[in-house]
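# Report on the structure
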Amino acid sequence: AGKGKGPQRKPLSLERNKRSEILFGVAPCWLALTQARRALFRLFLKQSRGSGPPVRGEFALQAAARGVSVLHVSGRELDVLSRGRSHQGVCLEAAPLPFKSLRDAEEPHLGDGQSGSRQLLWLVLEHIQDPMNLGAVLRSAYFLGVDRVVASQRNSCPLTPIVSKASAGAVEVFDVYGTDDLQDFLKAKSAEGWEVVGTISRPGDVEDVPVISCSEFRWDKPVIVVIGSEGEGLSLETQLQCQRMLAIPPGRALHPGIDSLNVSVAAGILLHSICSQKRRHGD
C-alpha cells in the first residue's frame, strides 16, 4: 500500500505548489494543450501495456512540442488528480484561465452598435454559480455563433476545470470576458445603439419591462441577451437596463413545482431562437 501512495503525493503537491489546477478529460486537455492560452506544467497520461490508444501518442507529441513534461501514471492516480471525475485517461496541470478584461477588447467594437453594418449577438451572464450550467451555456454559445460572452465577476463561478469539461473544451477556445459593473456595462452598450434584452422564466416576475415570447422576437440591431442566476433570475437592477424581456412559452399547463427550465437548457433555446432570426434576416 505504501508503494501506491508515493506517486500520488507528487502530482498533488505539484497542484498546490504551483497554484495550478488539474484539467481532466480528452477535449479540455487537448484544446488547452494545443491552444496554449494557459501556462502548462505537466501532462498525466494513463499507463497502458503495449503502445496504448493513438490519442495518447498524439497527446505526448503535442506536449513535447510545447515543452510540457509527460508523466505516465495509473488510473488510480488520475482518479485522485481529477477527484474522481471522468478523466478519460488524461489530466493536465495548468494555470487557471481568468476572465478576459473588457478593457482589452472594447475599442474595436465601439462603432458596431451604431453602424448596424452587421448583426452582433453578445451573451451576458449574471451570477451563474453552477460550473456545470456555466460550461453547458458556454458550449451552446460557442456552437450557435454568439460573438462574445461577458460574465459578472461577482457572485459567479470562475472558469474552473469542471466548467471546461462541461463545455466540452469550448472555454479553451472561446474568450469569456468579465465585468465588475454589469449595470454600467449594459447602460454603455445601450447608449451605443445595442438592444439589451433580458430573459425571464415566469412573466409575472417582472414589472415595467415588456415581456414577449422568444419566437416573437425580431432582430434589427446588435443585441445583448442577459441571462440570470439559476434560482433568482436577473436582479432588479439588471432588469431595469433591459428594453424587453424574452420568455420561453411552456407547452402545457405546468405543475407549480416544475415551472421553469434549467438555465443552460433555457439559454440554448433562447440563443437558437435568436440565431435562427439572424440566419433568416441574412437570407
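An unreviewed UniProt entry lists the protein chain under the name rRNA methyltransferase 1, mitochondrial, with Dicrurus megarhynchus given as the organism. Looking at the protein chain in UniProt, the text filed under Sequence similarities (unreviewed entry) is "Belongs to the class IV-like SAM-binding methyltransferase superfamily. RNA methyltransferase TrmH family." According to UniProt, the comment filed for the protein chain under the heading Subcellular location (unreviewed entry) is "Mitochondrion".

## Observations regarding the pattern of salt bridges
The tally for this structure, following the rule as stated, stands at six salt bridges. Residue Lys-189 pairs with Glu-192 through a salt bridge whose shortest N-O separation is 2.9 Å. Overall, Glu-192 belongs to the buried group, its relative accessible area being 13%. Arg-244 is paired through a salt bridge with Glu-195; the nearest N and O atoms lie 2.8 Å apart. Of the two residues, Arg-244 sits in strand S12 (residues 244-247) while Glu-195 sits in strand S9 (residues 195-199), which places them 49 residues apart along the sequence. For Arg-244, a relative accessible area of 22% puts it in the partly exposed group. In the salt-bridge network here, residues are joined through shared partners; they are Glu-21, Arg-38 and Glu-172.

## Side note on the pairing of strand S4 (residues 90-94)
With five of its five residues buried, S4 lies for the most part within the structure. Burial of the side chains of S4 extends over both faces: Val-90, Leu-92 and Ala-94 are buried on one face and Cys-91 and Glu-93 on the other. Where strand S1 (residues 21-24) and S4 come together, four bridges link them in antiparallel fashion. If you follow Ile-22 over to S4, its bridge partner there is Glu-93. Looking at chain direction, strand S2 (residues 40-46) and S4 are connected through five bridges and run antiparallel. Bridging across to S4, Phe-44 finds its partner in Cys-91.

Reading the values: the criteria
- Residues numbered from 1 in each chain as written.
- Predicted model: local features only at pLDDT ≥ 70, side-chain atom pairs only at ≥ 80, totals over all residues.
- Heavy atoms only, no water.
- UniProt positions renumbered as here; feature names shortened; annotations may be inferred.
- Salt bridge = Lys/Arg side-chain N within 4 Å of Asp/Glu carboxyl O.
- Buried < 20%, exposed > 50% of the residue type's maximum accessible area, 1.4 Å probe, protein only.
- Helix = DSSP H or I, 4+ residues; strand = E, 2+ residues; numbered from the N terminus.
- Pairing = 2+ DSSP bridges.

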